[in-house]
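Results of the structural survey
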Amino acid sequence: MNKIIKDTLILMAITLVSGLLLGMVYEVTKEPIRKQEEEQKVEACQNVFSDAASFEQIEEIETMAQTSLTNVGMEGKAQIDEALKALDEEGNTIGVVMQITSKEGYGGDIQFTMGVQNDGTVNGISILSISETAGLGMRATTEEFKSQFAGKNVDTFVYTKSGATQENEIDALSGATVTTNAVTDGVNVGLSFFRTLSEGGILNE
């Protein structure tokens, strides 16, 4: 009986010490991890808005995001994860950076950042997370595909399999129509959200 009690006490002591050590490790690493995540966020924003000197979080975007999804018929198919104002050296808003998740990918969610200037011109997109088929849908990460959105000022994008001839047309990825559609729809959600922000006066605050 005494041996059982002794073993139990030893086990409790080991558990307590382990818990304390884990707590100490968490406290020591918490701030470096937070800083790293912040740096990664800034880098992702700068990838699509290199002209910005800094970025400012836009709070409470849920209602506006839902309106934007409804406007393009994308409820349940995509979401606006985050939105930030892109600011110049004087603190003036020169555009918006959005983090968008499209839920229509062939291999799962596709998450990307998107930058839009104040006049509605798309700066570009940068893929953050994607799990599409190698050699097919994964070509959405190439500059050849992503650059098709950059520098365009249109209401919505569409994709074509016969060669883009219009400003709002995107060449579909061969053999990866589902991926093309997922990204294009996600970008259209971003454009709709930008217009909601602009019409609501958020960019002037």
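Residues numbered from 1 in each chain as written. Predicted model: local features only at pLDDT ≥ 70, side-chain atom pairs only at ≥ 80, totals over all residues. Heavy atoms only, no water.

**With respect to unusual backbone geometry**
A positive phi angle is found at Glu-60, which is not glycine, with a value near 50°. Relative to the assigned elements, Glu-60 resides in the loop between strand E1 (54-57) and helix H2 (62-71). According to the relative accessible area criterion, Glu-60 is exposed, its value standing at 69%. (Helix = DSSP H or I, 4+ residues; strand = E, 2+ residues; numbered from the N terminus. Buried < 20%, exposed > 50% of the residue type's maximum accessible area, 1.4 Å probe, protein only.)

**Section: the pattern of salt bridges**
Following the criterion strictly, the structure yields 2 salt bridges and no others. Taking the shortest distance from any N to any O, the salt bridge between Asp-109 and Lys-103 comes out at 3.9 Å. For Asp-109, a relative accessible area of 40% corresponds to the partly exposed category. For Lys-103, a relative accessible area of 38% puts it in the partly exposed group. The salt bridge partner of Lys-146 is Glu-143, with a shortest N-O separation of 3.2 Å. (Salt bridge = Lys/Arg side-chain N within 4 Å of Asp/Glu carboxyl O.)

**What to know about the side chain of Glu-82**
Counting through the fold element by element, Glu-82 comes out in strand E2 (residues 78-87). Classification of Glu-82 by relative accessible area gives buried; the value is 12%. Separated by 3.0 Å, the side chains of Glu-82 and Gln-57 make a polar contact. (Polar contact = N/O pair within 3.5 Å; in protein donor to acceptor, adjacent residues only side chain to side chain.)

**Focus: the side chain of Thr-160**
Relative to the helices and strands, Thr-160 is located in strand E6 (residues 158-160). There is a polar contact of 3.0 Å between the side chain of Thr-160 and the side chain of Ser-162.

**A word on the pairing of strand E5 (residues 122-129)**
Bridge analysis of strand E4 (residues 110-117) against E5 gives 6 bridges, and the strand direction is antiparallel. Along E5, the bridge assignment pairs Gln-111 with Ser-129. (Pairing = 2+ DSSP bridges.)

**What to know about the environment of Val-189**
The topology assignment puts Val-189 in helix H4 (residues 177-199). For Val-189, a relative accessible area of 0% translates into the label buried. Measuring from C-alpha to C-alpha, the distance between Val-189 and Ala-65 comes to 8.7 Å, with 124 residues separating the pair along the chain. Once residues lying within four places of it in the same chain are set aside, the contact partners of Val-189 are Ser-68, Leu-69, Val-72, Met-74, Ala-78 and Ile-80. (Contact = heavy atoms within 4.5 Å.)

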